[in-house]
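Each chain, letter by letter, is given below.
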Amino acid sequence: MSGIVARRRPYAGAVQLTAQRMLNFLAFLLVLGTIWFAAATFFQIPAYLLPTPITVLRTLDENFAEVVRAAAFTVACTMAGMAISMVIAIALAVAFIASDRASRAFIPIIILIRTVPMIAVAPLIILIFGRGPANSIGVVALLTFFQIMLAAKRGFLSPSANVLELMHSCGATFWQTQLKIRVPFAIPYLFTGLRIAAGSSILCAMFAEWLSGAPGLGMLILESYSVQNFPLMWATVLTSTTAAFMFFTLTLAMEQLVTDWSR
Amino acid sequence: MMLKLAPPPCASAHPEAGLNQLSVEGVTKSFDIDGRTVEVMGPLDLSLKKGEFGALIGPSGCGKSTLLRMIADIFPPTSGRITVGGATPSAARLDHDIGFVFQDPTLLPWRSVIDNIRLPLEIVSKSGRLSGATPQELIDLVGLSGFEQARPAQLSGGMQQRAAIARALVLSPRLLLLDEPFGALDEIVRYRMNLELLRIRAEINTTSLMVTHSIQEAVFMSDRVFVLAARPGRIVDIVEVELERPRKLSQMNSAAFTDAVNRVRTSLFGEALGMFGDD
Amino acid sequence: MIDGRRALLPAGAMLAFLAAFQLAAAVNMLPATLASPLQIAKGVADSADLLWFHLEPTLLVAATGYLLAVAIAIAVGALVYVVKPLEPMVMTVGTVLDSIPMIAIAPVLVIWMGLTLQMRLTITTIICLFPIFISVLQGLKSPPPTAEELFVSLAASPMQRFRLLGMPYALPYLFVGLKISAPLAILGALIAEWTGAERGLGVYLLSAMFGMRVVALWSGVFVACAISVSAYLLVCLFERLSIADAGQREIGS
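In this text the structure is predicted, and so the values were computed from the model without any measurement.

1. A word on the overall build of chain A
Moving on, step 1. When helices and strands are counted, chain A shows 10 helices and 0 strands.
Moving on, step 2. In chain A, the order of α-helices and β-strands from amino to carboxyl end is α-α-α-α-α-α-α-α-α-α.
Moving on, step 3. When the backbone C-alpha atoms are referred to their principal axes, chain A occupies close to 75 × 60 × 30 Å.
Moving on, step 4. When burial is assessed residue by residue, chain A has 44% of its 263 residues classed as buried.
Moving on, step 5. Taking as baseline every contact in chain A between residues at least 6 positions apart, the subset at least 24 positions apart corresponds to 78%.

2. Considerations on the sheet that holds strand 3 (residues 53-57) of chain B
Pairing between sheet strands relies on hydrogen bonds along the backbone, with the strands arranged either parallel or antiparallel.
Residue and element names in this part refer to chain B.
Moving on, step 1. Read across the sheet, 6 strands follow the order 5-6-7-3-8-9 without closing on themselves; strand pairing throughout is mixed. Strands with a single pairing partner mark the edges of an open sheet, and in this sheet they are strand 5 (98-101) and strand 9 (234-240). For this sheet the average axis-to-axis angle between neighbouring strands, irrespective of direction, equals 20°.
Moving on, step 2. Where strand 5 lies against strand 6 (residues 175-179), 4 bridges are found, and the strand directions are parallel. In the sheet register, Ile98 faces strand 6, and the bridge partner there is Leu175.

3. What to know about the interface of chain C and chain A
It is common to give the size of an interface as the accessible area lost on bringing the parts into contact.
Moving on, step 1. Each partner contributes to the interface: chain C provides 31 residues, whereas chain A provides 35 residues.
Moving on, step 2. Where the side of chain C that touches chain A is concerned, the elements lending two or more residues are helix 1 (8-26), helix 4 (86-99), helix 5 (102-113), helix 8 (158-195), helix 9 (201-210) and helix 10 (214-242) of chain C.
Moving on, step 3. Each residue belonging to the side of chain C that touches chain A can be placed in one class, and the counts come to 27 nonpolar, 4 polar and no charged.

4. Observations concerning the arrangement of the chains
Moving on, step 1. With 2 pairs of chains in contact, the largest contact count belongs to chains A and C.
Moving on, step 2. One finds no contact linking chain A with chain B; the least C-alpha distance across the pair is 10 Å.

5. Remarks on the pairing of strand 6 of chain B
All names here are of chain B.
Moving on, step 1. With 5 of its 5 residues buried, strand 6 lies for the most part within the structure.
Moving on, step 2. Of the two faces of strand 6, the one carrying Leu175, Leu177 and Asp179 and the one carrying Leu176 and Leu178 are both buried.
Moving on, step 3. Two elements, strand 6 and strand 7 (residues 207-212), share 5 bridges in a ladder whose sense is parallel. Residue pairing for strand 7: Leu178 is matched across the bridge by Met210.
Moving on, step 4. Remark: the strand 6/helix 6 (residues 187-204)/strand 7 crossover connection has right-handed handedness.

6. A few points about the confidence of the model for chain A
Moving on, step 1. Taken over all residues, the pLDDT of chain A has a mean of 80, while the share at 70 or more is 92%.
Moving on, step 2. Confidence, expressed as mean pLDDT per element, reaches its minimum in chain A at helix 1 (residues 12-43) of chain A with 77 and its maximum at helix 3 (residues 64-98) of chain A with 88.

7. Digging into the interface of chain C and chain B
Moving on, step 1. Across the contact, 20 residues belong to chain C and 24 residues belong to chain B.
Moving on, step 2. Residue assignment for the side of chain C that touches chain B shows that the elements contributing at least two residues are helix 7 (145-153) and helix 8 of chain C.
Moving on, step 3. In terms of residues, the side of chain C that touches chain B owes the most to one element, helix 7 of chain C, which gives 6 residues.
Moving on, step 4. Along the lines of polarity and charge, the residues of the side of chain C that touches chain B split into 10 nonpolar, 7 polar and 3 charged.

8. Concerning the packing of helix 3 (residues 48-82) of chain C against helix 4 of chain C
Residue and element names in this part refer to chain C.
Moving on, step 1. Direction vectors running N to C along helix 3 and helix 4 enclose 145°, while the axes themselves pass 8 Å from each other. Taken together, the residues of helix 4 that come into contact with helix 3 (itself represented by Val76, Leu79 and Val80) are Leu86, Glu87 and Val90.
Moving on, step 2. Residue classes in the contact of helix 3 with helix 4 are distributed as 5 nonpolar, no polar and 1 charged.

9. Focus: helix 9 of chain C
Moving on, step 1. Judged by how many residues are buried, helix 9 of chain C sits mostly within the fold: 7 of 10 residues are covered.
Moving on, step 2. Turning to helix 9 of chain C, its buried residues number three or more, namely C:Leu201, C:Gly202, C:Tyr204, C:Leu205, C:Leu206, C:Ala208 and C:Met209.
Moving on, step 3. Packed against the buried residues of helix 9 of chain C are helix 5 (122-129) of chain A together with helix 3, helix 8 and helix 10 of chain C.
Moving on, step 4. At the exit of helix 9 of chain C stands C:Met212, carrying a positive phi of roughly 55°.

10. Section: the sheet that holds strand 1 (residues 20-33) of chain B
All names here are of chain B.
Moving on, step 1. Strand order across the open sheet formed by 3 strands is 2-1-4, with antiparallel pairing between neighbours. The sheet is open, and its two edges are formed by strand 2 (36-49) and strand 4 (79-84), each paired on a single side. Across this sheet, the average inter-strand angle for adjacent strands is 20°, counted without regard to direction.
Moving on, step 2. Pairing between strand 1 and strand 4: 5 bridges, direction antiparallel. Each residue of the ladder has a partner; that of Thr28, found in strand 4, is Ser79.
Moving on, step 3. Where helix 1 (residues 64-71) meets the sheet, its contacts fall on strand 1, strand 2 and strand 4, and the angle it forms with strand 1 comes to roughly 115°.

Conventions and cut-offs
Every residue gets a number counted from 1 within its own chain, in the order that chain's sequence is written. As a convention, the first chain written is A and the first ligand written is 1, with the rest following in written order. Reporting in this predicted model follows two pLDDT cut-offs: at least 70 for local features of residues, and 80 or more for side-chain atom pairs to be given and counted; totals over whole chains, interfaces and linings ignore these cut-offs and use all residues. By definition, any uninterrupted DSSP run of H or I lasting at least four residues is a helix, any uninterrupted run of E lasting at least two residues is a strand, and each is numbered from the N terminus. Partly exposed residues are those whose C-beta has more than 12 but fewer than 20 other C-beta atoms within 10 Å; with 20 or more the residue is buried, with 12 or fewer it is exposed, and the C-beta atoms are placed from the backbone. By definition, residues are in contact whenever their C-beta atoms, placed on the basis of the backbone, come within 7 Å of each other. DSSP-based pairing: two strands are paired if at least 2 bridges between them are found. Axes here refer to lines fitted to C-alpha atoms; in helices the fit is confined to the stretch in contact. Angles between the N-to-C directions go from 0 to 180 degrees. Any residue outside Ala, Val, Leu, Ile, Met, Phe, Trp, Tyr, Cys, Pro, Asp, Glu, Lys and Arg is labelled polar, Gly included; the first ten of those are nonpolar and the last four are charged. The path from the first strand over the helix to the second decides the hand: if it runs clockwise while the strands point away from the viewer, the crossover is right-handed. For every residue, the pLDDT score states the predictor's confidence, bounded by 0 at the bottom and 100 at the top.

As structure tokens, this is what we get:
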């Protein structure tokens, strides 16, 4: 077999991954839809309780604007929360790299805090930030912060001793080393951390809304449930599942892109 | 001390098999790689009489490990016939007639040495097989006395391989297959392990087929060396080794040894030259 | 794991942090929604009986749900290990179910089971399940290829493969999942109570939130964090006791 492996375009992997996952998801939805339909008919579940997939889709179409507005709110809060936590997390990671003392002092605390599921703290966040978007952003930021910070730190520490010695022997300053070496090495780790955090971030935002009443998907689900508008509730569930899945797939694709690019 | 291993059950023995403990006829193997069918081996014929020690040697990609795994029924050949003691590889495997020693000792890290050797006994529920050598006897045979309760991580590579050999023998197999068992060891340990394996075999006399990269090892250990070439894997020469048993390291100076080694080498590199030359 | 000397610096940092907070409270510089460390401590001490009254059912649900999740994860893991073609399907189903927000599943469960203990157990189990399951699956794939071949050559049955090869290799991975899920079990119990319950730590927290009772809320959250961390540490201890260390020294040749 010949030795030369064809070079793939850097974004091919990411595109393929996204396409594959979306296809799988669609396939799953179709299967689920069929089972749903069959089960509903067979068990004669009352339509008001578990409407048929077609009813749900129609409801989605009718209330499109409202659902999309809620989705936009939730996604925007999630992204804002992740952005804030990324900035703070990276800043702290750099600080921990710079100061070994600070790292030894605070990292164990952070690791311990990380074991607490941040959603449990949600009532506190709601108390502090009130009932607007701020509490969704706050919950997401809190949740994603630890994951991203630890990933960033691991990434910054990943260059081998040889590379760092090289920089040192060239007389590079802390910031030069940081920017030229540590940051590029850290990027794949960062994206992995983002991916892990992204997995549940939309759901957390929705959760905060559920508890607090901020106008996002979470609140919409609660509202439609309380007025017994089940088709709308299911339509919203479908939308939020899709949104969460797409968000996660997006981070996976970005991670793949970055990994392929750095090769 | 002649260890008594359980005689092979007659039920699966084929009357017409004659003296051949292992018979490989016209075996080929193809793999599907990226949608293309690549024939990695074949057709290939090989046989071993009862009690014989065969060595398989050849360049990378000639399929020696693949052949061993087809004999052990880890996967089937694409075409051709393999019989072990007159039975198909599947029947032989399910009857626990085949012992396999991997290049990596593959001991379970959480079990002690003696528990590792007992593993096949735990898997087999038939009590008929237990009339063979006990794990303790095998531990003594392979020279690991005193290390029964040790964990694999506490043993060196050579000792782990001894335990793996003991494990392969605990069910008194008809056929012992060894896939470069000493490949990961350094040369000095390797010589010692060769002698150990020969000593163990002298007690038990199981038909054996060993894959190796070392020409010296192949000639020193075996009665016959099967030289393979690659692309596709096939046997290009069978070298009979006329050295007396029990083998001693001093025999490596003899003319018979050197001749055999030279012949193997020529067959090996002759083929290799053919690859680069005017074929 | 917890080395006396190394714990000094972070412990010191923590104390400094708390002291700063307390100082801010003392000079009235703390926002109304924050409680000072001393206030929290006092709050916990004062409401100890009440807190325990609410903590008890939460802990019960959390522990039971956790154990159920472990059992299900191992059972399904065994199934997928033995019937390999099932894996992609189970994985897809699992990942998508994991994406469905609990707040959507919760109302369905309420409709189905009512505001009962079963409903709360189900929610808790669902929340803990996925991380344990993923780690079991990953662990079952960890044996080296030659070990799998060994078991094939020994003609072991699928259950023997699972018991003698798969599970022991999977154990370290399983513990990773167990550690992640322990705090999630507490969370699950809280969410279950927020979905509908009369008693429990989640109920306590929610009522304090709506009633703007700052100290009570901070005390309750402190207790929730404390039991989460304790659950995690408990599993760590269990891991330490279960996984015996293999010897380190090389003996000879």
